[in-house]
Amino acid sequence: MRLGLVAAKPTDAVTYGLLPAAARLGLEVFLLTDQPDGHAGALARARPGQGRADRGPAGQGVQPRIVGCDVYDTGALVGRIAGLPRLDAVFSNSDHLQAQTALAADYFGLPGKDWRSCLRAKNKPLMRRRLAETGAEKVTAAEIAADDEPPAGLPYPVVLKPAEGVASEDVTLAGSPDELAERCAEFFGRRPGEKLVAEEYLPGTLRTLETLGDGETTWLLGGFLTTVSAPPWFVEERLTWDPLPPGEELDHVRRALGDLGVSFGACHTEFICDGQGGARLVEVNDRLIGDHDEFLMAELLDDDLFERVLRVHLGERLPAGPPPVGPGHAVADYIIAERSGILRTAPSGGPLDGAEPGVSLSYWPLRQPGDHVTVTHSNRDYLGVITATGSDRARVERCVGAARGANQWDIG
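## Notes on the sheet that holds strand β21 (residues 410–411)
Here is step 1 of the chain: Overall, antiparallel pairing links the 3 strands, which are arranged β19-β16-β21 in an open sheet. Looking at strand neighbours, the two that pair on one side only are β19 (372–373) and β21, the edges of this open sheet.
Here is step 2 of the chain: Note: strand β16 (residues 341–345) against β21, 2 bridges, orientation antiparallel. Residue pairing in the sheet places Leu343 in a bridge with Ile411 of β21.

## Here's the deal with empty space enclosed by the protein
Here is step 1 of the chain: Under the criterion given, the structure shown has 2 cavities of 30 Å³ or more.
Here is step 2 of the chain: Roughly 80 Å³ of volume is contained in the largest cavity.
Here is step 3 of the chain: Around the largest cavity sit Asp95, Gln98, Cys118, Ala121, Lys122, Lys124, Gly165, Val166, Glu283, Val284, Asn285 and Asp286, which together line it.
Here is step 4 of the chain: Of all the elements in the fold, those that place two or more residues in the lining of the largest cavity are α5 (115–122) and β14 (279–285).
Here is step 5 of the chain: Of the pockets and cavities examined, the second largest cavity occupies roughly 60 Å³.
Here is step 6 of the chain: As for the second largest cavity, its lining consists of Val90, Phe91, Ser92, Gln98, Thr101, Ala102, Ala105, Gly112, Lys113 and His313.
Here is step 7 of the chain: Elements with a minimum of two residues in the lining of the second largest cavity: β4 (89–92) and α4 (98–107).
Here is step 8 of the chain: Considering every element that reaches the lining of the second largest cavity, the biggest residue donor is α4, with 4 residues.

## Digging into the packing of aromatic side chains
Geometrically, a pair of aromatic rings is defined through the distance of the ring centres and the angle of the planes.
Here is step 1 of the chain: Taken as a whole and judged by the stated rule, the model has 8 aromatic pairs.
Here is step 2 of the chain: Between Phe224 and Trp241 the ring centres are 5.0 Å apart and the planes differ by 80 degrees, which places this aromatic pair in the edge-to-face class. Residue Phe224 is found in strand β11 (residues 224–228), and its partner Trp241 is found in strand β12 (residues 236–241); the two are separated by 17 residues along the sequence. Judged on exposure class, the residue Phe224 and its partner Trp241 are both buried.
Here is step 3 of the chain: Ring geometry for Tyr334 versus Tyr382: centroids 4.2 Å apart, planes at 10 degrees, classification stacked. Pair noted here: Tyr334 is in strand β15 (residues 329–336) and Tyr382 is in strand β20 (residues 382–390), with a separation of 48 residues, a long-range link. The residues Tyr334 and Tyr382 share a single accessibility class, namely buried.
Here is step 4 of the chain: Chaining the aromatic ring pairs together yields one cluster made of Tyr16, Phe295, Phe306 and Trp364.

## Notes on the nonpolar core
A general feature of soluble globular proteins is that nonpolar side chains tend to end up buried together.
Here is step 1 of the chain: Core analysis: the biggest nonpolar cluster contains 46 residues, and Leu3, Leu5, Leu212 and Leu305 have the highest contact counts within it.
Here is step 2 of the chain: Here this core gets 6 residues from one element, more than from any other, and that element is helix α1 (residues 12–24).
Here is step 3 of the chain: Counting 19 residues, the second largest nonpolar core, distinct from the first, contains Leu352, Val359, Ile386 and Ile411.

## Focus: the sheet that holds strand β2 (residues 28–33)
Here is step 1 of the chain: Judged by pairing direction, the sheet is parallel, and its 4 strands sit side by side in the order β3-β2-β1-β4 without closing on themselves. Edge positions in the sheet fall to β3 (65–68) and β4, since each has one partner strand and no second. If you compare each strand with its neighbour and ignore which way they point, the axes differ by 25 degrees on average.
Here is step 2 of the chain: As judged from the 6 bridges shared by strand β1 (residues 2–7) and β2, these two strands associate in the parallel manner. Note on β2: the bridge partner recorded for Gly4 is Phe30.
Here is step 3 of the chain: Here helix α2 (residues 36–44) sits on the sheet in contact with β1, β2 and β3, set at roughly 160 degrees to β3.
Here is step 4 of the chain: Here helix α3 (residues 74–82) sits on the sheet in contact with β1, β2, β3 and β4, set at roughly 150 degrees to β2.

## Here's the deal with unusual backbone geometry
Here is step 1 of the chain: Put simply, Tyr156 and Pro157 share a cis peptide bond, and its omega is 5 degrees.
Here is step 2 of the chain: Within the secondary structure, Pro157 is located in the loop between β5 (141–144) and β6 (158–162).
Here is step 3 of the chain: The step from Pro231 to Pro232 runs through a cis peptide bond, and the omega angle for that step is 20 degrees.
Here is step 4 of the chain: Summarising the element assignment, Pro232 is placed in the loop between β11 and β12.

## Examining the layout of surface pockets
Here is step 1 of the chain: The computed volume of the second largest pocket comes to approximately 260 Å³.
Here is step 2 of the chain: A total of 4 residues in the lining of the second largest pocket trace back to one element, the largest contributor, which is helix α7 (residues 177–190).
Here is step 3 of the chain: By residue class, the composition of the lining of the second largest pocket is 4 nonpolar, 4 polar and 7 charged.

## Things to note about the side chain of Ser168
Here is step 1 of the chain: Along the chain, Ser168 turns up in the loop between β6 and β7 (172–174).
Here is step 2 of the chain: Take Ser168: its relative accessible area is 14%, and that puts it in the buried class.
Here is step 3 of the chain: Side-chain polar atoms of Ser168 contact the backbone nitrogen of Asn379, separated by 2.9 Å.
Here is step 4 of the chain: Ignoring sequence-local partners within four residues, the contact set of Ser168 consists of Phe234, Val235, His377, Ser378 and Asn379.

## Thoughts on helix α10 (residues 305–313)
Here is step 1 of the chain: Taken across its 9 residues, α10 has 8 buried, putting it largely inside the fold.
Here is step 2 of the chain: Where α10 begins, the capping side chain belongs to Asp304, and its oxygen is found 3.2 Å from the backbone nitrogen of Phe306.
Here is step 3 of the chain: Two residues or fewer after α10 comes Gly315, characterised by a positive phi angle close to 100 degrees.

## Quick word on the environment of Ile81
Here is step 1 of the chain: With respect to the helices and strands, Ile81 occurs in helix α3.
Here is step 2 of the chain: With 230 residues separating them in the primary sequence, Ile81 and Arg311 have C-alpha atoms 20 Å apart.
Here is step 3 of the chain: Ignoring any residue separated from it by four or fewer positions in sequence, one finds Ile81 in contact with Leu32, Leu87, Val90, Ala104 and Phe108.

Calculation notes
- Residues numbered from 1 in each chain as written.
- Predicted model: local features only at pLDDT ≥ 70, side-chain atom pairs only at ≥ 80, totals over all residues.
- Heavy atoms only, no water.
- Pairing = 2+ DSSP bridges.
- Helix = DSSP H or I, 4+ residues; strand = E, 2+ residues; numbered from the N terminus.
- 1 Å grid on protein atoms, 1.4 Å probe; cavity = no way out; pocket = protein on both sides within 12 Å on 5 of 7 lines; lining within 4 Å.
- Points joined across faces, edges and corners; volume = space filled by probe spheres on them.
- Phe/Tyr/Trp six-rings, centres within 6.5 Å; stacked < 30°, edge-to-face > 60°.
- Buried < 20%, exposed > 50% of the residue type's maximum accessible area, 1.4 Å probe, protein only.
- Core = buried A, V, L, I, M, F, W, Y, C linked by side-chain atoms within 4.5 Å.
- Axes fitted to C-alpha atoms, helices over the stretch in contact; angles between N-to-C directions.
- Contact = heavy atoms within 4.5 Å.
- Nonpolar A, V, L, I, M, F, W, Y, C, P; charged D, E, K, R; others polar.
- Polar contact = N/O pair within 3.5 Å; in protein donor to acceptor, adjacent residues only side chain to side chain.

Structural data, given as structure tokens:
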């Protein structure tokens, strides 16, 4: 069977998760990308043992056919696929390429997401509008273009964010119309032609819900509790495995996702619990959770997460019954640049020393010594991430704390 894997920049999820899973399934992979050299280099540099080494090769030995293509252009993507041997699935794990991939899959009669739900997930004003129309929830929000005056009637403080942004880039809190105007001018000076959305600030606890669906059955895989930096920025500093128990909050998120049309493939949803039994969505990412939390979740499943995602896109139904999530604790602790400069010292990637029995402890580098780092007050400031899983919460937490103390990240 043949898989068309649509990707933009190289990511560890592709190199160490999806491509090894495709190899284990015996798939012939065509990697369609606008960055062919980057992917070839990432595969050549792949480190043995990273990812899920117990379930097959990790990066090395995986040899997709890399196909150059303007993957952002649906017509170009469809045309390029038409020139390949017939594919059995077209799939992407990129935030930016879900709608294009869904349209391409539909063109060739292959299983895939609804392109409408992909657009609602990617475009925050469309998401807010849809949820308001269905009555799922009401969050005051206004779209802003470069020449617009600050909208009237906003309930300050408001969160200002790119209409199609990712990774908390250019997300900030504005406390007044004047501050909003100042932040808008700064943004449009850097990113002309794009749009912003200003929406009411939602106080409470930030959580995630991770789901996988086949169009009829949806697995609720669990979720993370997210520690966020203090306003006015919203950098995700730490994610801790903490699935939300059944109740009204979880029911609300499920209903809202249904109203958005989310029912197929992997989806990562962020939402706020207000502490009084209520919940409202922050954003929907129509793909696996990223920033290496996907590997943590894979360790907690009594199943192969990456294989299962690909199997769904190949047309396989999910088994009935609850998802195969085992007990355990997991943490992703991000090392965040505190100032701009050259990264002088950082640990290499791979398993870390000091893991206690029953704990899997690793470091994933996101920047290398010699890289110039510019602080952006977003998730792009990550230098790397310490990840740990295990059955005992106290042991996992001790290992993460010890790993932070035993390693150095120096910026000069």
